[in-house]
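Spelled out from the first residue to the last, the chains are:
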Amino acid sequence: MFDRKDKKAIANFPPHHQALVNEQQLVASLSRNDWHGLLVSLKQHDQLVKKHRLPPRSLDFVLPLLRILLEDVPRDGYLGLRADLRGDDAPGKVGQAQNIPPINRGVKSIEQTYHFDPWLALEAKLANRAKLDLWVADLVRVRKIHKRGSSGKMKTKFKRKSIQKVRVRLSVPASWAVVAPASGVPGWCRITMEREGDRIVLDGRSKYPIVVPDRKHGIFTAASPQVPGAPTQGQLNNVLLLIGEVFRWIPKTQQVAS
(Lines give C-alpha, C1' and ligand atoms only; values in the text may rest on other atoms or scores of the structure.)
Protein backbone atom coordinates (compact mmCIF):
# COMPACT_ATOMS: atom_id res chain seq x y z
CA MET A 1 0.00 0.00 0.00
CA PHE A 2 1.14 3.54 -0.75
CA ASP A 3 1.30 5.94 2.18
CA ARG A 4 -0.16 9.43 1.83
CA LYS A 5 3.10 11.27 1.06
CA ASP A 6 4.24 8.73 -1.53
CA LYS A 7 0.80 8.67 -3.16
CA LYS A 8 0.78 12.46 -3.48
CA ALA A 9 4.32 12.52 -4.94
CA ILE A 10 3.54 9.79 -7.48
CA ALA A 11 0.36 11.61 -8.58
CA ASN A 12 2.53 14.57 -9.63
CA PHE A 13 4.81 12.46 -11.83
CA PRO A 14 4.40 12.34 -15.64
CA PRO A 15 2.02 9.55 -16.82
CA HIS A 16 4.85 7.32 -18.07
CA HIS A 17 6.64 7.66 -14.72
CA GLN A 18 3.44 6.68 -12.90
CA ALA A 19 3.01 3.64 -15.14
CA LEU A 20 6.51 2.43 -14.34
CA VAL A 21 5.79 2.74 -10.59
CA ASN A 22 2.29 1.26 -10.60
CA GLU A 23 2.57 -1.34 -13.36
CA GLN A 24 6.37 -1.88 -13.54
CA GLN A 25 6.11 -1.31 -17.28
CA LEU A 26 7.02 1.58 -19.57
CA VAL A 27 5.72 1.82 -23.13
CA ALA A 28 6.45 5.07 -24.96
CA SER A 29 7.54 6.55 -28.28
CA LEU A 30 8.83 10.07 -27.62
CA SER A 31 11.03 12.77 -29.09
CA ARG A 32 14.48 13.43 -27.67
CA ASN A 33 13.33 16.42 -25.60
CA ASP A 34 10.33 14.54 -24.18
CA TRP A 35 12.59 11.64 -23.17
CA HIS A 36 15.00 14.00 -21.43
CA GLY A 37 12.13 15.41 -19.39
CA LEU A 38 10.96 11.92 -18.39
CA LEU A 39 14.50 10.83 -17.46
CA VAL A 40 14.86 13.83 -15.14
CA SER A 41 11.63 12.83 -13.41
CA LEU A 42 12.74 9.20 -13.02
CA LYS A 43 16.14 10.24 -11.69
CA GLN A 44 14.46 12.24 -8.92
CA HIS A 45 12.16 9.39 -7.90
CA ASP A 46 14.09 8.23 -4.82
CA GLN A 47 14.35 11.78 -3.52
CA LEU A 48 10.56 12.21 -3.51
CA VAL A 49 9.26 8.70 -2.84
CA LYS A 50 10.64 6.89 0.19
CA LYS A 51 8.95 3.49 0.37
CA HIS A 52 8.15 2.58 -3.24
CA ARG A 53 11.21 2.41 -5.44
CA LEU A 54 11.29 2.01 -9.17
CA PRO A 55 11.54 -1.61 -10.36
CA PRO A 56 15.03 -3.11 -10.65
CA ARG A 57 16.89 -2.32 -13.89
CA SER A 58 15.19 1.08 -14.15
CA LEU A 59 17.92 3.35 -12.81
CA ASP A 60 21.00 1.24 -13.52
CA PHE A 61 20.09 -0.13 -16.96
CA VAL A 62 17.21 1.59 -18.76
CA LEU A 63 18.10 5.19 -17.82
CA PRO A 64 21.81 5.10 -18.74
CA LEU A 65 21.04 3.18 -21.95
CA LEU A 66 18.50 5.82 -22.99
CA ARG A 67 20.87 8.67 -22.19
CA ILE A 68 23.57 7.13 -24.39
CA LEU A 69 21.26 6.40 -27.34
CA LEU A 70 19.49 9.77 -27.19
CA GLU A 71 22.80 11.47 -28.00
CA ASP A 72 22.42 10.11 -31.56
CA VAL A 73 18.71 10.90 -31.94
CA PRO A 74 17.93 14.16 -33.83
CA ARG A 75 15.45 16.72 -32.55
CA ASP A 76 12.86 15.58 -35.08
CA GLY A 77 13.62 11.89 -34.51
CA TYR A 78 12.08 9.50 -32.04
CA LEU A 79 12.91 6.65 -29.69
CA GLY A 80 10.36 3.95 -28.91
CA LEU A 81 10.66 1.75 -25.82
CA ARG A 82 8.81 -1.17 -24.29
CA ALA A 83 10.22 -2.13 -20.90
CA ASP A 84 8.50 -4.86 -18.88
CA LEU A 85 10.23 -4.97 -15.50
CA ARG A 86 7.76 -7.19 -13.65
CA GLY A 87 10.23 -10.07 -13.52
CA ASP A 88 10.49 -13.44 -15.24
CA ASP A 89 7.78 -15.01 -13.03
CA ALA A 90 5.08 -12.55 -14.15
CA PRO A 91 1.91 -13.90 -15.82
CA GLY A 92 2.49 -15.02 -19.39
CA LYS A 93 6.23 -15.57 -18.93
CA VAL A 94 6.17 -18.94 -17.15
CA GLY A 95 6.02 -22.12 -19.17
CA GLN A 96 4.42 -25.42 -18.25
CA ALA A 97 6.11 -27.39 -15.46
CA GLN A 98 7.60 -30.80 -16.31
CA ASN A 99 8.92 -33.57 -14.08
CA ILE A 100 12.44 -34.80 -14.81
CA PRO A 101 14.23 -37.88 -13.42
CA PRO A 102 15.89 -37.40 -10.00
CA ILE A 103 19.64 -36.81 -10.11
CA ASN A 104 20.48 -39.03 -7.12
CA ARG A 105 18.88 -41.39 -4.58
CA GLY A 106 18.24 -38.66 -1.99
CA VAL A 107 16.08 -36.67 -4.40
CA LYS A 108 12.40 -37.56 -4.45
CA SER A 109 11.30 -35.43 -7.40
CA ILE A 110 12.38 -32.55 -9.65
CA GLU A 111 9.94 -30.14 -11.23
CA GLN A 112 11.43 -28.04 -14.05
CA THR A 113 9.98 -24.86 -15.54
CA TYR A 114 11.31 -22.44 -18.15
CA HIS A 115 10.56 -18.73 -17.86
CA PHE A 116 10.90 -16.56 -20.98
CA ASP A 117 11.15 -12.84 -20.21
CA PRO A 118 11.49 -10.50 -23.23
CA TRP A 119 11.77 -7.48 -20.95
CA LEU A 120 13.21 -4.81 -23.27
CA ALA A 121 12.47 -3.73 -26.85
CA LEU A 122 13.71 -0.46 -28.31
CA GLU A 123 13.77 1.29 -31.67
CA ALA A 124 15.35 4.61 -32.57
CA LYS A 125 15.74 6.79 -35.64
CA LEU A 126 19.29 8.14 -35.50
CA ALA A 127 20.72 11.40 -36.78
CA ASN A 128 22.83 9.67 -39.46
CA ARG A 129 19.70 8.18 -41.15
CA ALA A 130 20.25 4.78 -39.54
CA LYS A 131 17.51 2.93 -37.64
CA LEU A 132 18.44 0.92 -34.56
CA ASP A 133 16.37 -1.89 -33.03
CA LEU A 134 17.34 -3.61 -29.78
CA TRP A 135 15.83 -6.58 -27.94
CA VAL A 136 16.86 -8.11 -24.60
CA ALA A 137 15.30 -11.28 -23.20
CA ASP A 138 16.06 -13.64 -20.31
CA LEU A 139 15.60 -17.38 -20.48
CA VAL A 140 15.44 -18.82 -16.96
CA ARG A 141 15.42 -22.51 -16.01
CA VAL A 142 13.88 -23.09 -12.58
CA ARG A 143 14.13 -26.44 -10.83
CA LYS A 144 12.08 -27.24 -7.73
CA ILE A 145 13.85 -30.11 -6.00
CA HIS A 146 12.27 -32.21 -3.25
CA LYS A 147 14.99 -34.08 -1.35
CA ARG A 148 15.64 -35.73 1.98
CA GLY A 149 18.18 -33.87 4.12
CA SER A 150 20.81 -35.33 6.45
CA SER A 151 18.30 -35.15 9.33
CA GLY A 152 15.86 -37.31 7.42
CA LYS A 153 13.35 -34.55 6.86
CA MET A 154 12.09 -33.66 3.38
CA LYS A 155 13.27 -30.31 2.06
CA THR A 156 12.47 -28.21 -1.00
CA LYS A 157 15.25 -26.40 -2.86
CA PHE A 158 15.06 -24.07 -5.85
CA LYS A 159 17.82 -23.82 -8.45
CA ARG A 160 17.83 -21.18 -11.17
CA LYS A 161 19.96 -20.87 -14.27
CA SER A 162 19.59 -17.71 -16.36
CA ILE A 163 20.77 -16.82 -19.86
CA GLN A 164 20.36 -13.37 -21.37
CA LYS A 165 19.88 -13.01 -25.12
CA VAL A 166 20.62 -9.71 -26.87
CA ARG A 167 19.79 -8.78 -30.46
CA VAL A 168 20.75 -5.58 -32.28
CA ARG A 169 19.42 -4.73 -35.74
CA LEU A 170 20.85 -1.74 -37.61
CA SER A 171 19.30 -0.57 -40.88
CA VAL A 172 21.25 1.92 -43.03
CA PRO A 173 21.00 3.30 -46.62
CA ALA A 174 22.17 0.83 -49.25
CA SER A 175 24.54 3.43 -50.67
CA TRP A 176 26.78 3.14 -47.62
CA ALA A 177 29.99 1.11 -47.94
CA VAL A 178 29.12 -1.40 -45.23
CA VAL A 179 31.76 -4.08 -44.76
CA ALA A 180 32.94 -6.48 -42.07
CA PRO A 181 35.84 -5.10 -39.99
CA ALA A 182 39.30 -6.32 -40.96
CA SER A 183 39.84 -7.77 -37.49
CA GLY A 184 36.77 -9.97 -37.87
CA VAL A 185 33.84 -10.62 -35.53
CA PRO A 186 34.63 -11.66 -31.94
CA GLY A 187 33.57 -15.14 -30.88
CA TRP A 188 31.04 -13.96 -28.30
CA CYS A 189 28.63 -12.60 -30.94
CA ARG A 190 27.30 -13.31 -34.43
CA ILE A 191 26.66 -10.58 -37.01
CA THR A 192 25.05 -11.05 -40.42
CA MET A 193 24.39 -8.60 -43.27
CA GLU A 194 21.66 -8.61 -45.91
CA ARG A 195 19.99 -6.17 -48.27
CA GLU A 196 16.31 -5.26 -47.92
CA GLY A 197 15.21 -2.99 -50.75
CA ASP A 198 17.09 0.29 -50.50
CA ARG A 199 18.51 -0.56 -47.06
CA ILE A 200 21.32 -2.70 -45.70
CA VAL A 201 20.49 -4.52 -42.48
CA LEU A 202 23.06 -5.68 -39.94
CA ASP A 203 21.81 -8.25 -37.41
CA GLY A 204 23.93 -8.85 -34.31
CA ARG A 205 23.20 -11.44 -31.62
CA SER A 206 24.85 -12.56 -28.40
CA LYS A 207 23.96 -14.51 -25.28
CA TYR A 208 25.63 -15.08 -21.95
CA PRO A 209 24.81 -16.44 -18.47
CA ILE A 210 23.53 -14.17 -15.71
CA VAL A 211 25.13 -14.92 -12.35
CA VAL A 212 22.92 -13.65 -9.53
CA PRO A 213 23.66 -14.02 -5.79
CA ASP A 214 21.08 -15.85 -3.69
CA ARG A 215 18.86 -13.85 -1.37
CA LYS A 216 17.23 -15.20 1.79
CA HIS A 217 13.46 -14.94 2.34
CA GLY A 218 12.80 -16.40 5.77
CA ILE A 219 13.46 -20.13 5.51
CA PHE A 220 13.57 -19.99 1.72
CA THR A 221 16.25 -18.91 -0.72
CA ALA A 222 15.38 -17.09 -3.94
CA ALA A 223 17.51 -15.79 -6.77
CA SER A 224 16.19 -13.73 -9.67
CA PRO A 225 17.73 -11.48 -12.33
CA GLN A 226 15.25 -8.84 -11.11
CA VAL A 227 16.34 -8.65 -7.46
CA PRO A 228 18.35 -5.70 -6.10
CA GLY A 229 22.04 -6.42 -6.33
CA ALA A 230 21.81 -8.26 -9.64
CA PRO A 231 24.74 -7.38 -11.93
CA THR A 232 22.73 -5.08 -14.20
CA GLN A 233 25.76 -2.90 -14.91
CA GLY A 234 27.47 -5.90 -16.47
CA GLN A 235 24.33 -6.61 -18.50
CA LEU A 236 24.26 -3.04 -19.78
CA ASN A 237 27.93 -3.28 -20.72
CA ASN A 238 27.28 -6.39 -22.82
CA VAL A 239 24.42 -4.65 -24.65
CA LEU A 240 26.63 -1.65 -25.42
CA LEU A 241 29.44 -3.94 -26.60
CA LEU A 242 27.14 -5.64 -29.11
CA ILE A 243 25.87 -2.27 -30.38
CA GLY A 244 29.49 -1.17 -30.77
CA GLU A 245 30.41 -4.30 -32.72
CA VAL A 246 27.53 -3.74 -35.16
CA PHE A 247 28.58 -0.11 -35.69
CA ARG A 248 32.12 -1.26 -36.54
CA TRP A 249 30.70 -2.37 -39.91
CA ILE A 250 29.71 1.23 -40.69
CA PRO A 251 32.28 3.62 -42.27
CA LYS A 252 33.44 6.21 -39.72
CA THR A 253 32.39 8.99 -42.08
CA GLN A 254 28.79 7.76 -41.81
CA GLN A 255 28.71 7.32 -38.02
CA VAL A 256 27.97 11.02 -37.54
CA ALA A 257 24.97 12.95 -38.77
CA SER A 258 24.94 13.29 -42.54
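Preceding this section is the structure that the text describes.
What comes next concerns the included structure. (Residues numbered from 1 in each chain as written. Predicted model: local features only at pLDDT ≥ 70, side-chain atom pairs only at ≥ 80, totals over all residues. Heavy atoms only, no water.)

**A word on the nonpolar core**
Point 1. If you look at the biggest cluster of nonpolar residues, it comprises 55 residues, and the most contacted ones within it are Trp35, Leu79 and Leu81.
Point 2. Of all the elements, helix α5 (residues 58–70) adds the most residues to this core, at seven residues.
Point 3. For leucine 79, the contacting residues outside a window of four places in its chain are Ala28, Ser29, Leu30, Trp35, Leu66, Leu69, Leu70, Val73, Leu122, Glu123 and Ala124. (Core = buried A, V, L, I, M, F, W, Y, C linked by side-chain atoms within 4.5 Å. Buried < 20%, exposed > 50% of the residue type's maximum accessible area, 1.4 Å probe, protein only. Helix = DSSP H or I, 4+ residues; strand = E, 2+ residues; numbered from the N terminus. Contact = heavy atoms within 4.5 Å.)

**Quick notes on the packing of aromatic side chains**
Note on aromatic pairs: each is described by the distance of the centres and the angle between the planes.
Point 1. Applying the stated rule across the entire model yields one aromatic pair.
Point 2. Judged by centre distance (5.0 Å) and plane angle (70°), the ring pair of phenylalanine 61 and tryptophan 119 falls under edge-to-face. Here phenylalanine 61 is found in helix α5, whereas its partner tryptophan 119 is found in strand β4 (residues 107–125), with 58 residues between them in sequence.
Point 3. For phenylalanine 61, a relative accessible area of 0% translates into the label buried.
Point 4. Overall, tryptophan 119 belongs to the buried group, its relative accessible area being 0%. (Phe/Tyr/Trp six-rings, centres within 6.5 Å; stacked < 30°, edge-to-face > 60°.)

**Here we look at the pattern of salt bridges**
Point 1. The final tally for this structure, using the stated rule, is 12 salt bridges.
Point 2. The partner of aspartate 117 in a salt bridge is lysine 93, and the shortest N-O contact between them spans 2.6 Å. Placement of the pair is aspartate 117 in strand β4 and lysine 93 in the loop between β2 (79–84) and β3 (98–100), with a sequence separation of 24 residues.
Point 3. Its relative accessible area of 0% is what places aspartate 117 among the buried residues.
Point 4. Taking relative accessible area as the criterion, lysine 93 reaches 6% and is therefore assigned buried.
Point 5. Across the pair aspartate 203 and arginine 167 runs a salt bridge, and its minimum N-O distance is 2.6 Å. Residue aspartate 203 is located in strand β8 (residues 199–210), and its partner arginine 167 is located in strand β6 (residues 154–173); the two are separated by 36 residues in the primary sequence.
Point 6. Judged by relative accessible area, which is 26%, arginine 167 ranks as partly exposed.
Point 7. One continuous salt-bridge network, built from bridges that share partners, spans Asp84, Arg86, Lys93 and Asp117. (Salt bridge = Lys/Arg side-chain N within 4 Å of Asp/Glu carboxyl O.)

None of this, on its own, says anything about what the molecule does.
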